[in-house]
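If you want the building blocks of each chain, they are given just below.
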Amino acid sequence: MTDVVADTAAAVAAAGARVIEPRKIAGGFSWPECPRWHDGILWFSDMYTATLKTVDAEGNVAVVVDATGRRAGTEVPIVLGGFGWLPDGRLIVTSMHEKLVLVHGGNGPDDLEVLADLSAFSQAAINDMVVDAEGRAYVTQLGFDLFAGEEPVPSPIIVVEPDGSAHTADEVGPLLCANGIAISSDGTKVYTAEVMAQKLTVIDRAADGSLSNPRLFASCPFLPDGIGLDEEGGVWAAMPGSGYVARFTEEGMTDAIPVPLENGVASACLLGGPDRTTLYMTVGVEVFDFDKSAREALGTIWVADVSSHGGDTRP
């Protein structure tokens, strides 16, 4: 791991990237992931407690979705991943190991029903998700059992239509462990992090929501995970285990935020705040032992001011 940190630091220096120092704003989480900025507040998945939470500017934390009741009668881990909102305001979220997209009805944190069963399209856990303006969800998947040490296998993005029907994005083809995923503010492009390929991929998106023409956006010095977009066309990517979150354009790395490994590993990032110029970063410590992660609650949320690049213009 030390070599990875040293190699990434060398890549930051070689790129001439601007280095921005972060600060911690909240803690006490299992494995925080999938940050979202919605209705003026940060939302995120506290994965191994099977909850979605919010944290406000003062660091106050609230549980807004609670899927722990789904643990009864099943040996499948209940882990909430990527989430977003439908046009009618309802929240949808991936239950990763159940291979389900759940919809939250709004009548209490545990008001959850199945919107789509994706088990026919996924060999292993589903992962992150982004929802377009029409309520169509693009779901990434691991494609292999990371937690059992399996070798990476390419797998497709899964598309869930507003009526709950699902299919794979066959025009894009299989990707190598697609993870973080985001849609450009004009809706014409989808970006995703291909973790095991160490690259960010950009995909064309048509008016009907169909995807095509996947291609390299930027290579990363280490495994990219969760991503966030800015209005200048940059993609911010967390690189767990490297000690950095970095911003990339098609010309390469432009900015880097050091997150020392003694604090954990940065897993995802997203622009938020009143002007969408604050980069929020989720940082976790234990990803493989779910119970230990929940019990020790060492996960944290960090922020950095990235106002020189403008905000994220999406609602």
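Each remark here, short or long, concerns the structure printed above.
What this report covers is the structure whose coordinates are included nearby. This structure is a prediction, so every number in the text was calculated from the model and none was measured.

## A few points about empty space enclosed by the protein
Reasoning step 1: If you walk through the whole model with that rule in mind, you get one cavity of 30 Å³ or more.
Reasoning step 2: Looking at the largest cavity, its volume works out to about 30 Å³.
Reasoning step 3: Around the largest cavity, the lining residues are Ser30, Val285, Glu286, Ser293, Glu296, Ala297, Leu298 and Gly299.
Reasoning step 4: Of the residues in the lining of the largest cavity, the class split is three nonpolar, three polar and two charged.

## Overview of the sheet that holds strand S14 (residues 166-168)
Reasoning step 1: What the four strands build is an open sheet, ordered S11-S12-S13-S14; its pairing is antiparallel. On the outer flanks of this sheet lie strand S11 (126-131) and S14, each paired with one strand and no other. Strand after strand, the sheet turns through a mean of 25° between neighbouring axes, direction not considered.
Reasoning step 2: Bridge count between S11 and strand S12 (residues 137-141): four bridges; the pairing is antiparallel. Along S12, the bridge assignment pairs Val131 with Ala137.

## Description of the layout of surface pockets
Reasoning step 1: Its volume calculated, the second largest pocket comes out at about 650 Å³.
Reasoning step 2: Lining the second largest pocket we find 35 residues, and of these Trp31, Leu146, Asp225, Pro240 and Val287 sit closest to its centre.
Reasoning step 3: Counting residues per element, the ones that place at least two in the lining of the second largest pocket are strand S3 (32-38) and S11.
Reasoning step 4: The residue makeup of the lining of the second largest pocket, split by class, is 24 nonpolar, seven polar and four charged.

## Observations regarding the pairing of strand S4 (residues 41-46)
Reasoning step 1: Along S4, five of the six residues are buried, which leaves the element largely enclosed by surrounding structure.
Reasoning step 2: Linking two consecutive strands that pair antiparallel, namely S3 and S4, is a turn of two residues; a positive phi of about 55° is found at Asp39 within it.
Reasoning step 3: Linkage of S4 to strand S5 (residues 51-55), two consecutive antiparallel strands, is achieved through a turn of four residues, within which Ala50 is found at a positive phi near 55°.

## Observations regarding the nonpolar core
Reasoning step 1: In this structure, Met47, Leu52, Leu80, Phe83, Leu91 and Val93 are the most contacted members of the largest nonpolar core, which totals 27 residues.
Reasoning step 2: Elements with a contribution of two residues or more to this core: strand S7 (80-85), strand S8 (91-95) and strand S9 (100-104).
Reasoning step 3: Broken down by element, the residue count for this core peaks at three residues, all from S7.
Reasoning step 4: Non-local contacts of Phe83, meaning those with residues more than four positions away in its chain, are made with Cys34, Arg36, Trp43, Phe44, Ser45, Leu52, Leu91, Ile92, Val93 and Met129.

## Here's the deal with the pattern of salt bridges
Reasoning step 1: Applying the stated criterion across every chain, the model contains 14 salt bridges.
Reasoning step 2: Between Lys53 and Asp46 there is a salt bridge, and its shortest N-O distance comes to 2.6 Å. Taken individually, Lys53 and Asp46 each receive the classification buried, so the pair is uniform in this respect.
Reasoning step 3: Here Arg215 makes a salt bridge to Asp204, at a shortest N to O gap of 3.1 Å. Of this pair, Arg215 sits in strand S18 (residues 211-219) while Asp204 sits in strand S17 (residues 199-205), and the two are 11 residues apart along the sequence.
Reasoning step 4: Since its relative accessible area comes to 23%, Asp204 is described here as partly exposed.
Reasoning step 5: Because the salt bridges share partners, they merge into one network encompassing Asp132, Glu134, Arg136, Glu161 and Arg205.

## Topic: the pairing of strand S24 (residues 278-284)
Reasoning step 1: Judged by how many residues are buried, S24 sits mostly within the fold: six of seven residues are covered.
Reasoning step 2: When strand S23 (residues 265-272) meets S24, the two strands line up antiparallel, connected through seven bridges. Residue Ala268 lies in a different strand from S24, and its bridge partner there is Thr282.
Reasoning step 3: Linking two consecutive strands that pair antiparallel, namely S23 and S24, is a turn of five residues; a positive phi of about 90° is found at Gly273 within it.
Reasoning step 4: Examined bridge by bridge, S24 and strand S25 (residues 299-305) share six bridges and lie antiparallel to one another. Residue pairing in the sheet places Leu279 in a bridge with Ala304 of S25.

## Comments concerning the packing of aromatic side chains
Reasoning step 1: In this structure the tally under the stated criterion is six aromatic pairs.
Reasoning step 2: Pairing Phe29 with Phe44 gives two aromatic rings, centres 4.8 Å apart and planes at 70°, and the pair type is edge-to-face. One end of the pair, Phe29, is in strand S2 (residues 23-29); the other, Phe44, is in strand S4, and 15 residues separate them in sequence. For the pair formed by Phe29 and Phe44, the shared burial category is buried.
Reasoning step 3: Measuring from centroid to centroid gives 5.7 Å for Phe83 and Trp85, while their planes differ by 75°, and the two rings are edge-to-face.
Reasoning step 4: A relative accessible area of 1% places Phe83 in the buried class.

Reading the values: rules and limits
Residues numbered from 1 in each chain as written. Predicted model: local features only at pLDDT ≥ 70, side-chain atom pairs only at ≥ 80, totals over all residues. Heavy atoms only, no water. 1 Å grid on protein atoms, 1.4 Å probe; cavity = no way out; pocket = protein on both sides within 12 Å on 5 of 7 lines; lining within 4 Å. Points joined across faces, edges and corners; volume = space filled by probe spheres on them. Nonpolar A, V, L, I, M, F, W, Y, C, P; charged D, E, K, R; others polar. Pairing = 2+ DSSP bridges. Helix = DSSP H or I, 4+ residues; strand = E, 2+ residues; numbered from the N terminus. Axes fitted to C-alpha atoms, helices over the stretch in contact; angles between N-to-C directions. Buried < 20%, exposed > 50% of the residue type's maximum accessible area, 1.4 Å probe, protein only. Core = buried A, V, L, I, M, F, W, Y, C linked by side-chain atoms within 4.5 Å. Contact = heavy atoms within 4.5 Å. Salt bridge = Lys/Arg side-chain N within 4 Å of Asp/Glu carboxyl O. Phe/Tyr/Trp six-rings, centres within 6.5 Å; stacked < 30°, edge-to-face > 60°.

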